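These are the residues of each chain, in order.
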Amino acid sequence: MEFFEYREGGLSAEEVSLSEVASAVGTPCYVYSKRAFLSQLSALREAFAEADPLVCYSLKANSSLAICAALREAGAGFDIVSGGELFRALKIGADPATIGYAGVGKTEPEIERALDAEVLLFNVESVNEARAINHVASRMGVVARIALRLNPDVDANTHSYTTTGKKENKFGIEFSQARELIGVLRGLDAVDLAGFHLHLGSPISTVEPYLAGLGKLLPFIEEARSNGVDVRYINVGGGYAIEYGDNTTVGPAEYAAAIVPLAKKSGCKLIMEPGRFIIGNAGVLLTSVTYLKRTPTKAFAICDAAMNDLIRPALYGSYHRIWPVKTSLPVDAYDDPGGEGGQIVDVVGPVCESGDFFAKGRRLPDLSEGDLLAVFSAGAYGMTMGSNYNSRPRPCEVLIDGAEYRVIRRRETYDDLIRGEVF
Ligand code: LLP
């Protein structure tokens, strides 16, 4: 989070004060640091340099066109999961030869568009999906390159909603079924089995799940090769964790030390699909305190951002560091309920659910109404999971680049809320 720091005038993103951004565009708003996400991309690339991977940024983490365009300029490819994400990737001029298409439920129109665009690979999750891709490709007179997503039954130790590599999950293909599927694929003319894919869950803070997954995948690749499959790609998915303030995680060097030797051993081109690692800590949600409310037992800071803007705390109980833009406590005190000074508050939004909170029992300085708070680690799965719940227009998004900033998505209006409706 080095690109967000206190300077004269309070909390800043790169060289721009967040107070200035809030006065210019209002709150709530998402603020992203371009240097922060570009430096994450570089860090990952450097760590994995020996394997020269194709880094496909997982667009679902944050699909802002301006952010994707900046990542494309920096050489990233894209991991997509829908026709809408394909549309976004093509819109910013992504090279289709750097796009991998994942997801368990690709529809025929989506498959057709992706084939038309000539994406690099479809990550296939079932025999029926393979048949559908073959059907569409054959109708179009093309051959679809596919990778089978395997389910290695490995526990990635994430929240149960975001674990994807266990046998009870809907994702991937179990190994013996994958063996059968390879047999089926021999009879399908319009698919080319070019590789294998794993994505175990998110966020994964240790290397063990990757080692366990690859430990099962590598012998399978050898077996497939001995059965005549020309395996060229190994996709190790995403899931690389970031620090949220309540956790520890290994860094890119450790992930690379575990994954690179195995990827090299496989003799395949390495593909990886980081989302959160690139953009998670490059964004904050800026909100202002509308009301302070005290009950006989608690203090609430009721903010103008809500669960519809950032649903992670409500959905996963996830921790997000919250710092005031103007400070009166030492920074470390804010994450320590057992510390001293200020007050303990629940930071909540105005939505009509008790699940509408950003933090419970958090130490903050004594706040005044109108104070600005920055909810950290909001760059990934913030705006993309946002909704209009309670008919709340979604916030605007601002991109900081050095001393400059610009609105990369305007705040929604009430008219936006009813666009497409009839009565
Ligand atoms: N590849 C595949 C096939 C995926 O399904 C995902 C994420 C990624 C890559 C990127 O994972 P990442 O590197 O960003 O961890 N909404 C949840 C996270 C859901 C992740 C879904 N799939 C959250 O807010 O934590």
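### Looking at the sheet that holds strand β10 (residues 191–197)
Okay, step 1: Pairing is parallel in the closed barrel, where eight strands are placed in the order β5-β6-β7-β8-β9-β10-β11-β12. Across the sheet, the mean angle separating the axes of adjacent strands is 30° when strand polarity is ignored.
Okay, step 2: Here strand β8 (residues 121–124) pairs with strand β9 (residues 144–149) via three bridges, running parallel. Counterpart to N123 in the pairing with β9 is A147.

### Some remarks on the packing of aromatic side chains
Okay, step 1: The tally for this structure, following the rule as stated, stands at 13 aromatic pairs.
Okay, step 2: Aromatic pair F48 and Y240: ring centres 6.5 Å apart, planes at 65°, arrangement edge-to-face. Of this pair, F48 sits in the loop between α2 (34–47) and β5 (54–58) while Y240 sits in the loop between β11 (233–235) and α9 (252–266), placing them 192 residues apart in sequence. Residues F48 and Y240 agree in their burial class; the two are buried.
Okay, step 3: Ring-pair connections join several aromatic residues into one group, and the members of that group are F4, Y6, W323 and F376.
Okay, step 4: Between the NZ or CZ atom of K106 and the centre of the ring of Y101, over which it lies, the distance is 5.4 Å.
Okay, step 5: Directly above the ring of F357 sits K360, whose terminal nitrogen or CZ lies 4.4 Å from the centroid.

### Let's talk about the site of the ligand
Okay, step 1: Lining the immediate environment of the ligand, one finds 18 residues, of which S202, E273, R276, R312 and Y381 sit closest.
Okay, step 2: At a separation of 3.4 Å, a nitrogen atom of the ligand approaches a polar side-chain atom of D79.
Okay, step 3: One nitrogen or oxygen atom from the side chain of Y381 is found 2.6 Å from an oxygen atom belonging to the ligand.
Okay, step 4: Isolated, the ligand exposes 580 Å² of accessible area, and the fraction of that covered by the protein chains is 91%.
Okay, step 5: Of the residues assigned to the shell around the ligand, the class counts are four nonpolar, eight polar and six charged.
Okay, step 6: When residues are assigned to domains, the shell around the ligand turns out to be shared by domain 1 (4–32 + 280–418) and domain 2 (34–276), each giving three or more.

### Points about the domain arrangement of the chain
Interfaces are often described in size by the accessible area the parts lose on coming together.
Okay, step 1: When cut into domains, the chain gives domain 1 (4–32 + 280–418) and domain 2 (34–276).
Okay, step 2: Computed from C-alpha coordinates alone, the two centres of domain 1 and domain 2 are separated by 32 Å.
Okay, step 3: Contacts between the two partners involve 26 residues from domain 1 and, on the opposite side, 22 residues from domain 2.
Okay, step 4: For the pair domain 1 and domain 2, the summed buried surface comes to about 2,100 Å²; carbon and sulfur atoms form 55% of the total.
Okay, step 5: Area buried by domain 1 at its contact with domain 2 is led by Y316, Y319 and Y381, which between them contribute 26% of it.
Okay, step 6: Inspection of the domain 1/domain 2 interface yields three salt bridges.
Okay, step 7: In this structure, E15 engages R35 in a salt bridge whose closest nitrogen and oxygen atoms are separated by 3.2 Å.
Okay, step 8: Where domain 1 touches domain 2, the interface holds eleven residue pairs in polar contact (both at pLDDT 80 or more).

Basis of the calculations
- Residues numbered from 1 in each chain as written.
- Predicted model: local features only at pLDDT ≥ 70, side-chain atom pairs only at ≥ 80, totals over all residues.
- Heavy atoms only, no water.
- Pairing = 2+ DSSP bridges.
- Helix = DSSP H or I, 4+ residues; strand = E, 2+ residues; numbered from the N terminus.
- Axes fitted to C-alpha atoms, helices over the stretch in contact; angles between N-to-C directions.
- Phe/Tyr/Trp six-rings, centres within 6.5 Å; stacked < 30°, edge-to-face > 60°.
- Buried < 20%, exposed > 50% of the residue type's maximum accessible area, 1.4 Å probe, protein only.
- Lys NZ or Arg CZ within 6 Å of the ring centre and 35° of its normal.
- Near = heavy atom within 4 Å.
- Polar contact = N/O pair within 3.5 Å; in protein donor to acceptor, adjacent residues only side chain to side chain.
- Areas by Shrake-Rupley, 256 points an atom, 1.4 Å probe, with all protein chains shown as cover.
- Nonpolar A, V, L, I, M, F, W, Y, C, P; charged D, E, K, R; others polar.
- Domains from an automatic or database assignment.
- Contact = heavy atoms within 4.5 Å.
- Buried area = accessible area lost by both parts, 1.4 Å probe.
- Salt bridge = Lys/Arg side-chain N within 4 Å of Asp/Glu carboxyl O.

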